[in-house]
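Structural overview for review
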Amino acid sequence: MTYKYICTDPLAEKINYEYSPYLGKLFIDQWKNYRDKFRINNKEAILSLDSEYKNQLDIHSEKIITKDLIYFIKSKFDNHNKDSEYIKESTNWLIKRFELTKRIYTNYKKTEKGGKGIGEFRDLNLYLDFAELLIKTYKSFSHLPSLNSLIKCLDIVICYENILNKKQKLRLSNIIKIESELFNNLRISYINLLNQKKTKEITKQNQSINNFTKFPNVLFIAADTIRSRGYAQSLLKNGLKIKNSIIIKSKSNSIKTGKSTSPPIRSKEYINGIFNPDPQISLKESLKKISDNITVFESETINCKSIETYLKNLKPNLIIYSGFGGEIVSSNLIDMGIPFLHLHSGILPTFRGSTTIYYSLLKTAQCGVSAILLSSQIDAGNIIKYKNYSPPDGNCNLDYEYDTAIRADLLVDVMLKYYKNNFKIKSEKQKINSGETYYVIHPLLKHLAILALN
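Below is a short write-up of the structure. (Residues numbered from 1 in each chain as written. Predicted model: local features only at pLDDT ≥ 70, side-chain atom pairs only at ≥ 80, totals over all residues. Heavy atoms only, no water.)

In this section: the overall build of the chain. Broken down by element type, the chain carries 13 helices and 14 strands. Here the C-alpha atoms of the chain give a radius of gyration of 24 Å, agreeing with the 22 Å that 2.2 N^0.38 yields for 454 residues. Each principal axis of the C-alpha atoms in the chain carries an extent, and together these give about 75 × 45 × 45 Å. Counting every position in the chain, which comprises 454 residues, the buried fraction comes to 53%. Considering only residue pairs separated by 6 or more positions, the chain has 76% of its internal contacts joining residues 24 or more positions apart. A total of about 21600 Å² of accessible surface is found on the chain, and carbon and sulfur atoms cover 47% of it. (Helix = DSSP H or I, 4+ residues; strand = E, 2+ residues; numbered from the N terminus. Rg over C-alpha atoms; globule rule 2.2 N^0.38 Å. Buried < 20%, exposed > 50% of the residue type's maximum accessible area, 1.4 Å probe, protein only. Contact = heavy atoms within 4.5 Å. Areas by Shrake-Rupley, 256 points an atom, 1.4 Å probe, with all protein chains shown as cover.)

This model, assessed by the stated rule, comprises 24 salt bridges. Residue Arg122 pairs with Asp9 through a salt bridge whose shortest N-O separation is 2.9 Å. Of this pair, Arg122 sits in the loop between β3 (114-118) and α4 (124-141) while Asp9 sits in the segment before α1 (25-36), placing them 113 residues apart in sequence. A salt bridge links Arg35 to Glu179, with the shortest nitrogen-to-oxygen separation between them at 2.9 Å. In this pair, Arg35 is assigned in helix α1 and Glu179 in helix α6 (residues 166-196), connecting sequence segments 144 residues apart. (Salt bridge = Lys/Arg side-chain N within 4 Å of Asp/Glu carboxyl O.)

All right, on to the nonpolar core then. Ranked by internal contacts, the top residues of the largest apolar core, which has 111 residues, are Leu94, Phe130, Leu147, Leu150, Leu341 and Met415. The contact partners of Leu341, leaving out residues within four places of it in the chain, are Leu318, Ile319, Ile320, Tyr321, Ala371, Ile372, Leu373, Ile384, Leu411, Val414 and Met415. Ranked by size, the runner-up nonpolar core spans 19 residues in total, among them Ile246, Leu311, Ile319 and Val329. (Core = buried A, V, L, I, M, F, W, Y, C linked by side-chain atoms within 4.5 Å.)

Read from one edge to the other, the open sheet built from 7 strands follows the order β8-β5-β4-β9-β10-β12-β13, with strand pairing classed as mixed. The sheet terminates laterally at β8 (293-297) and β13 (383-389), the two strands that pair on one side only. The average angle at which neighbouring strand axes cross in this sheet is 20°, direction not considered. One ladder, built from 2 bridges, connects strand β9 (residues 318-322) with strand β10 (residues 340-344); its direction is parallel. Bridge assignment links Ile319 to a residue of β10, and that residue is Phe340. (Pairing = 2+ DSSP bridges. Axes fitted to C-alpha atoms, helices over the stretch in contact; angles between N-to-C directions.)

We now examine the sheet that holds β3. Overall, antiparallel pairing links the 3 strands, which are arranged β1-β2-β3 in an open sheet. One side of each edge strand has no neighbouring strand; the edge strands of this open sheet are β1 (63-65) and β3. Each neighbouring strand pair of the sheet contributes to a mean axis angle of 35°, computed without reference to strand direction. Each of β1, β2 (107-111) and β3 touches helix α3 (residues 84-101); the most contacted strand, β3, lies at about 55° to it.

So, on to the packing of α3 against helix α5 (residues 144-159). Between α3 and α5, the shortest axis-to-axis distance is 11 Å and the interhelical angle comes to 45°. As summarised for this structure, α3 and α5 are arranged oblique, according to the angle between their axes. When the axes of α3 and α5 are compared, the crossing they make is left-handed. Counted together, Thr91, Ile95, Phe98 and Glu99 of α3 and Pro145, Ser146, Asn148, Ser149, Lys152, Cys153 and Ile156 of α5 form the full contact between these two elements. Taken together, the residues of the contact of α3 with α5 sort by class into 5 nonpolar, 4 polar and 2 charged. (Parallel < 35°, antiparallel > 145°, perpendicular 65-115°, else oblique. Left-handed = near helix turned anticlockwise from the far one by under 90°. Nonpolar A, V, L, I, M, F, W, Y, C, P; charged D, E, K, R; others polar.)

On the accessibility criterion, Arg35 (2% relative accessible area) is buried. Each C-alpha atom of the pair Arg35 and Tyr438 lies 25 Å from the other, and the pair is 403 residues apart in sequence.

Moving on, we come to unusual backbone geometry. Here the residue pair Leu348 and Pro349 is connected by a cis peptide bond, since its omega of 5° sits within 30 degrees of zero. Relative to the assigned elements, Pro349 resides in the loop between β10 and β11 (351-353). Even without being glycine, Lys102 reaches a positive phi, approximately 55°. As for its placement among the helices and strands, Lys102 is situated in the loop between α3 and β2.

Applying the stated criterion across every chain yields a total of 24 aromatic pairs. On the basis of an interplanar angle of 25° and a centroid distance of 5.5 Å, the ring pair of Phe351 and Tyr438 is categorised as stacked. Note that Phe351 is positioned in strand β11 and Tyr438 in strand β14 (residues 436-438), a separation of 87 residues in sequence. Phe351 sits in the buried class, given a relative accessible area of 5%. Geometry around Phe77 places Lys136 over its ring, the cationic atom sitting 5.5 Å from the centre. It is Lys241 that lies over the ring of Phe212; its NZ or CZ is 5.7 Å from the centre. (Phe/Tyr/Trp six-rings, centres within 6.5 Å; stacked < 30°, edge-to-face > 60°. Lys NZ or Arg CZ within 6 Å of the ring centre and 35° of its normal.)

Quick look at the structure:
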């Protein structure tokens, strides 16, 4: 087997990193052997970005010349303690543009949502400039989004190695050497952090449930995913009965994010004392035991007229929401004023975005979950409760088991508190301007996060 995150033309056909399989140490070796093919062993690694660049950035222009922006940010590193916020904010702006398109455009036009790429996107010098900026940002601030994008950026550039000139190949080699150093340093610091925080959850005692705790005005909206299965099983396990439930199915054979056609076999019933739902038990089977009314919508999405009409007629006091991964609930539904309870894998606002269970492990040696009320902004809603969890051993599936288990665990806590508070939700506003936004983690960092747990 060889390193698989390559393709003939990645700027036309994006490399997919979502739900990447875990292969153990084999994957680290594959990555290392693949990268070594492009290393030139003759000079110490240096950054070409350190050379002078004379163009000035017009910060008031609606059009941003990407090279000017990169070198303007670079100039701020001379006084990075004073300009740290500008450096991180501007680098994050570029990272977002790159992560959304897997391209770096020569120019960007400022928009309300940030910026839209215009012009050419095949200038490989620009990708090398971007990679070197990411190295500087990560070295200065231990900024994991920069390291994550750096690895993805190198995946792209290496695919075009055969058309690079001699100078570009040397730059690429230098960046690969530094990438390896940064990865090894992160591995050492992560292992040290794990050793400092070796604590385990206290095993919860199972209680026999004679009567259900009933929630007559709560609606469970569940896409047909492994996570939704986990939520339903945990509610059942703890004797919580939700009167009405919706199952959202996909008519097509396409696999939505988070929807698996062949769910993994459960590794064990409890992980760190947390109930680990069985991914192979169907969603409908569990819902039949906790809901009086189950309605199925084969709409592929929550954002459809039929579900909107259903909500208007039912008028629930609270919605437990477990949708397809990455799907954003429309403003039409949010503006109805019904609270949508969402369980986010990560302590907010520190860990916003995607695959944050892995970033949280690498940064804190812990996993976290935040219960929030959905708002029009992603991961920005009011916080009901958050909780930290010890890392699991590496023998379970973090994507489909532990991530689901800890979210479901906090869901049960929140619902019991909601019941005790006479069906009232208490929440606090987030500090929107703090924290970090993360994007789908590169398999290399994902493997690091898991491998060290064994």
